[in-house]
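Residue strings, one per chain:
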Amino acid sequence: MASSGVQEEKYRTYLHGESEKNTKWRYGAPPNYDVVNKLFEEGRTKIWPAGSLEERVQNLVKTWEMEMFNKTCFDDYKTVDPKKYTFCLNGRKALTLEEKRKLGGGYNSLLQTSLPEKFRCYNPAEETADSSHRGFTTAFPRGFALEIVHVYSGPPVIVYKFRHWGYMEGPFKGHAPTGEIVQLFGMAIFELDEQEKIVKVEFFYDRGELLGGLINGSSLDSTTSEDGASSCPILNKTG
């Protein structure tokens, strides 16, 4: 949970500075989180004291999420040990970084499902990192904010409860925007090694809590698509 020593961004490290001069960014430049930070600050339910365990965990998770979504080279990751790192969702088989990439990246590993394909309103088997990113940033033009609502244990094994939320102000998979808040609550375990690098991540949540809120809107005709909506991949990011 150490800092990079460069803190230009309020809640995330490893975005700027000498250590990132050769970083390969998915969209060609470091992401800008001003829009989602505003949503976070207006909608959070907890304001953690500076330097507290909760604040440090929250910043670690935000930084980890930033790297997972925006850095294309595993060697550029600063929060994790790429050789040891595994990811597990709801008790499924743990995935390496390379196995996550084969799933398509982006939201695909976070939205794995055992549902038959005909029941999937979001199908990870058909999405790429870019298509999933486009779909969610269009649905949530102000971003999909993250806060830590409780930390049950600190490093080396961090256990926490989180809240993710956004306002569905754009279409999603053929469904019209509702303008309503869509929220997801869950639990996670982050295991850190002696160098404070993340080596194991486990998430537990109901993906239907997120997707259910995104398909409440009326069906759009086939000529309307989130692909045609205005969405900037640099400005509109996850939490």
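Residues numbered from 1 in each chain as written. Predicted model: local features only at pLDDT ≥ 70, side-chain atom pairs only at ≥ 80, totals over all residues. Heavy atoms only, no water.

## Thoughts on the overall build of the protein chain
If you tally the helices and strands in the protein chain, you get five helices and five strands. Excluding contacts between residues fewer than 6 apart, the proportion of contacts in the protein chain whose partners are at least 24 apart in sequence is 64%. Taken as a whole, the protein chain presents about 11100 Å² of accessible surface, with 52% of it coming from carbon and sulfur. (Helix = DSSP H or I, 4+ residues; strand = E, 2+ residues; numbered from the N terminus. Contact = heavy atoms within 4.5 Å. Areas by Shrake-Rupley, 256 points an atom, 1.4 Å probe, with all protein chains shown as cover.)

## Thoughts on the sheet that holds strand β2 (residues 145–153)
A sheet is described by the order of its strands in space; here five strands give the open sequence β1-β5-β4-β3-β2, paired in mixed fashion. The sheet terminates laterally at β1 (86–89) and β2, the two strands that pair on one side only. Pairwise comparison of adjacent strand axes, ignoring direction, gives a mean angle of 20 degrees for this sheet. One ladder, built from 11 bridges, connects strand β3 (residues 157–167) with strand β4 (residues 181–192); its direction is antiparallel. (Pairing = 2+ DSSP bridges. Axes fitted to C-alpha atoms, helices over the stretch in contact; angles between N-to-C directions.)

## Re the pattern of salt bridges
With the rule as written, the count across this model stands at 14 salt bridges. Lys21 is the partner of Glu18 in a salt bridge, and the nearest nitrogen-oxygen pair spans 2.9 Å. Given the relative accessible area of 58%, Glu18 is considered exposed. Here Lys21 falls in the exposed class, since its relative accessible area comes to 58%. (Salt bridge = Lys/Arg side-chain N within 4 Å of Asp/Glu carboxyl O. Buried < 20%, exposed > 50% of the residue type's maximum accessible area, 1.4 Å probe, protein only.)

## Points about the pairing of β3
Pairing of β2 with β3 involves seven bridges; the strand directions are antiparallel. Residue pairing for β3: Glu147 is matched across the bridge by Arg163. Following β2, the chain reverses through three residues before pairing antiparallel with β3.

## Description of the nonpolar core
Taken as a class, soluble globular proteins show a tendency for nonpolar side chains to be buried jointly. Ranked by size, the top nonpolar core spans 41 residues in total, and within it Trp64, Phe136, Tyr160, Phe190, Phe203 and Leu214 carry the most contacts. Taken together, the elements giving at least two residues each to this core come down to α2 (53–70), β1, α4 (129–139), β2, β3, β4, β5 (198–205) and α5 (207–214). When residues in this core are grouped by element, the largest group, six residues, is from α2. Counting residues in hydrophobic clusters, the runner-up holds 11 residues, among them Leu15, Val36, Met66 and Ala145. (Core = buried A, V, L, I, M, F, W, Y, C linked by side-chain atoms within 4.5 Å.)

## A closer look at the confidence of the model for the protein chain
Per-residue confidence for the protein chain averages 90 on the pLDDT scale, and 90% of its residues sit at or above 70. Within the model, pLDDT remains below 50 along residues 3–7, and this stretch shows nine contacts once partners closer than five positions in the same chain are excluded. Under a pLDDT of 50 for its full length, residues 223–235 has, in the predicted model, 21 contacts with residues more than four places off or in other chains. (pLDDT = per-residue confidence, 0-100.)

## So, α5
The set of residues buried in α5 consists of Arg207, Leu210, Leu211, Gly213 and Leu214. Seen end-on, α5 carries its buried residues on one side only, within an arc spanning 160 degrees. Summarising the contacts, the buried residues of α5 are in contact with α4, β4 and β5. Where α5 begins, one side-chain oxygen reaches toward the backbone nitrogen of Gly208, 2.9 Å away; that side chain belongs to Asp206. (Arc of directions from axis to C-beta. Polar contact = N/O pair within 3.5 Å; in protein donor to acceptor, adjacent residues only side chain to side chain.)

## Focus: the packing of aromatic side chains
Using the criterion set out here, one finds 17 aromatic pairs in the structure. Pairing Tyr160 with Phe190 gives two aromatic rings, centres 5.6 Å apart and planes at 70 degrees, and the pair type is edge-to-face. Note that Tyr160 is positioned in strand β3 and Phe190 in strand β4, a separation of 30 residues in sequence. Neither residue differs from the other here; Tyr160 and Phe190 are each classed as buried. Here the aromatic cluster, defined as three or more aromatic residues joined through ring pairs, consists of Trp64, Phe87, Tyr160, Phe162, Phe190, Phe203 and Tyr205. The side chain of Lys62 reaches across the aromatic face of Tyr11, ending 5.7 Å from its centre. Over the ring of Phe87 we find Lys100; its NZ or CZ atom is 4.8 Å from the centre of that ring. (Phe/Tyr/Trp six-rings, centres within 6.5 Å; stacked < 30°, edge-to-face > 60°. Lys NZ or Arg CZ within 6 Å of the ring centre and 35° of its normal.)

## A look at α2
Between the first and last C-alpha of α2 there are 26 Å, a value that for 18 residues agrees with the 26 Å anticipated at 1.5 Å per step. Counting buried residues along α2, 14 of its 18 residues qualify, which places the element largely inside the surrounding structure. (Expected span 1.5 Å × (residues − 1).)

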